[in-house]
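# Inside the fold
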Amino acid sequence: MKPKLIVHGGAWSIPNKMIDPHLLGVEQAIREIYPLLEDGMSALDAVERAVNILEEDPTYDSGRGAFLNAKGEIELDAMIMNGADLNMGAVASLQNLLYPISVARMVMEKTEHTFLVGKGAQEFARAMGFVELDPRELLTERELEFWHKVRNDPTFETRDVFRPQPKGTCGAVAMDENGNLAVATSTGGSPRKLPGRMGDSPIPGAGTWADNHSAACSVTGWGEAIMRVVLAKHASDLSTTIGAMEACRSSLHMLKTRVDGDAGLIMIDRHGNYGFAHNTDRMAFAYWDPDKGLVSRIEA
């Protein structure tokens with residue numbers, strides 16, 4: 001199989017001044033990781049490495065640059081999944097770590113479990129040698145200013161971030177030369193969320209799913225709605241009959257009509273076809289096209 005790689009940096013009302021940073025980040029992930037896929041890197045390694053690049057970038061709502069919760073703390077969620085054997089690892093409510101997706105992979109490979117949260121996830125990350133950072137190394141001035149703006153606003157709702165505010169869960173989907181699929185999604189969640197709130201990103205089938213028999217899919221958007229319809233699994237299963245692109249579009253229609261949800265999806269189906277769609281104003285994503293090379297877009 002010809003390797004495939006697609007990444008996203010969030011679906012929301014990305015303002016004009018934020019377009020260039022959003023494109024640069026997703027383009028960097030493709031440029032650095034796709035050549036490694038061509039050289040034989042596994043899909044699982046590729047999605048982890050691609051998301052690491054986005055976690056380092058303060059543009060996105062993942063490692064560095066994540067939103068603050070109601071207490072002014074950063075809590076991070078992530079999930080990685082291997083489509084070959086359906087093995088997965090997930091973490092939620094991690095603090096002070098730059099690479100939550102890599103902790104999720106360690107959960108998958110070094111434990112008998114699939115999901116660790118809160119204090120237990122934090123202790124596991126320490127045991128695996130992950131270095132906890134000073135929160136100021138993850139915090140951006142943009143997010144601190146936004147938190148002060150909304151912290152005492154009685155009218156603010158977490159869904160408001162899909163209006164013009166900095167926001168962007170990040171994710172990656174890959175197919176390697178052996179035809180294996182993998183997916184990774186990493187997020188800081190919603191601003192001013194209640195401590196301990198977990199969104200769709202680390203939940204199997206909701207924000208993240210990979211199965212060689214159907215497709216791999218990473219979702220970004222309003223997690224409370226995405227979880228209700230198990231969007232990533234729904235779209236992946238649908239791809240077996242109508243293909244990746246139409247599955248993404250149809251799944252978003254279902255999301256909107258059933259639960260009034262806002263989201264974007266990226267996908268690679270079992271035949272190596274790309275899919276992408278969003279019902280927010282904009283979505284930042286990039287992929288490698290065998291004929292055109294690097295393709296990056298803010299609007300599909």
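About the cut-offs
Residues numbered from 1 in each chain as written. Predicted model: local features only at pLDDT ≥ 70, side-chain atom pairs only at ≥ 80, totals over all residues. Heavy atoms only, no water. Phe/Tyr/Trp six-rings, centres within 6.5 Å; stacked < 30°, edge-to-face > 60°. Buried < 20%, exposed > 50% of the residue type's maximum accessible area, 1.4 Å probe, protein only. Lys NZ or Arg CZ within 6 Å of the ring centre and 35° of its normal. Helix = DSSP H or I, 4+ residues; strand = E, 2+ residues; numbered from the N terminus. Expected span 1.5 Å × (residues − 1). Contact = heavy atoms within 4.5 Å. Pairing = 2+ DSSP bridges. Axes fitted to C-alpha atoms, helices over the stretch in contact; angles between N-to-C directions. Core = buried A, V, L, I, M, F, W, Y, C linked by side-chain atoms within 4.5 Å. Parallel < 35°, antiparallel > 145°, perpendicular 65-115°, else oblique. Left-handed = near helix turned anticlockwise from the far one by under 90°. Nonpolar A, V, L, I, M, F, W, Y, C, P; charged D, E, K, R; others polar. Disulfide = S-S within 2.5 Å. Polar contact = N/O pair within 3.5 Å; in protein donor to acceptor, adjacent residues only side chain to side chain.

This structure, assessed with the given rule, holds five aromatic pairs. Aromatic pair phenylalanine 276 and phenylalanine 285: ring centres 4.7 Å apart, planes at 35 degrees, arrangement tilted. Given the relative accessible area of 0%, phenylalanine 285 is considered buried. The exposure class assigned to phenylalanine 276 is buried, which follows from its relative accessible area of 8%. Following the ring pairs from residue to residue traces out a cluster consisting of Tyr274, Phe276, Phe285 and Tyr287. One cation-aromatic arrangement involves lysine 4 over tyrosine 274; the distance from NZ or CZ to the ring centre is 5.5 Å.

So, about helix 9 (residues 244–259). Since the α-helix packs 3.6 residues into each turn, any two residues three or four apart lie on the same face. The terminal C-alpha atoms of helix 9, which comprises 16 residues, lie 22 Å apart, in line with the 22 Å expected from a rise of 1.5 Å per residue. Those residues of helix 9 hidden inside the fold are in contact with helix 7 (223–229), helix 8 (231–242), strand 9 (263–269) and strand 10 (274–278). A positive phi of about 55 degrees marks aspartate 260, the residue just after helix 9.

Strand order in this open sheet of four strands is 7-8-9-10, and the pairing throughout is antiparallel. The sheet terminates laterally at strand 7 (208–210) and strand 10, the two strands that pair on one side only. Each adjacent strand pair in this sheet contributes to an overall mean axis angle of 10 degrees, direction not counted. The pairing of strand 8 (residues 215–221) with strand 9 spans seven bridges and is antiparallel. Among the inter-strand pairings, valine 219 is bridged to a residue of strand 9, identified as leucine 265.

A few words on the nonpolar core. Counting 43 residues, the largest nonpolar core has Leu5, Val7, Ile80 and Val91 as the members making the most contacts within it. Not counting the four nearest positions on each side in its chain, valine 91 is found in contact with Leu76, Asp77, Ala78, Pro100, Val103, Ala104, Val107, Phe115, Leu116, Ala121 and Pro202. Leu181, Trp209, Val219 and Leu252 belong to the second-largest nonpolar core, a separate cluster that totals 42 residues.

Along the polypeptide, valine 103 turns up in helix 3 (residues 100–110). When the C-alpha positions of valine 103 and glutamine 122 are compared, they lie 9.3 Å apart, and in sequence the two are 19 residues distant. Residues within four places of valine 103 in sequence aside, it is in contact with Val91, Leu94, Leu97, Phe124, Ala125 and Phe130.

The next subject is the packing of helix 1 (residues 19–38) against helix 2 (residues 43–56). Interaxial distance between helix 1 and helix 2 falls to 9 Å at its minimum, and their mutual angle equals 155 degrees. Judged by the angle between their axes, helix 1 and helix 2 are roughly antiparallel. You can see that helix 1 and helix 2 cross each other, and the crossing is right-handed. Here helix 1 contributes Gly25, Val26, Gln28, Ala29, Glu32, Ile33, Leu36 and Leu37 to the contact with helix 2, which in turn contributes Ala43, Ala46, Arg49, Ala50, Ile53 and Leu54. Taken together, the residues of the contact of helix 1 with helix 2 break down into 10 nonpolar, two polar and two charged.

Under the defined criterion, the tally for this structure stands at zero disulfides. Of the cysteine sulfurs around cysteine 217, a residue in no disulfide, the closest is that of cysteine 248, at 5.5 Å.

This paragraph deals with the side chain of arginine 282. With respect to the secondary-structure elements, arginine 282 resides in strand 11 (residues 282–289). Accessibility expressed as a relative area gives 17% for arginine 282, which makes it buried. Engagement of the side chain of arginine 282 in a polar contact is seen with the side chain of asparagine 16, the distance being 2.9 Å. In contact with arginine 282, not counting residues within four places along its chain, are Gly10, Ala11, Trp12, Ile14, Pro15, Asn16, Ile19, Ile298 and Glu299.

Strand-to-strand pairing in sheets goes through backbone hydrogen bonds, with the strands running parallel or antiparallel. Taking strand neighbours across the sheet as the criterion, the eight strands line up as 4-3-2-6-5-1-11-12 in an open arrangement whose pairing is mixed. Looking at strand neighbours, the two that pair on one side only are strand 4 (115–117) and strand 12 (293–297), the edges of this open sheet. Averaged over all pairs of adjacent strands, the angle between strand axes in this sheet comes to 5 degrees, irrespective of strand direction. Packed on one face of the sheet, helix 1 meets strand 1 (4–12), strand 5 (170–175), strand 11 and strand 12 and runs near 160 degrees to strand 1. Where helix 4 (residues 118–127) meets the sheet, it contacts strand 3 (88–94) and strand 4, and its direction lies at approximately 110 degrees from that of strand 3.

In short, shape yes, function no, at least from these values alone.
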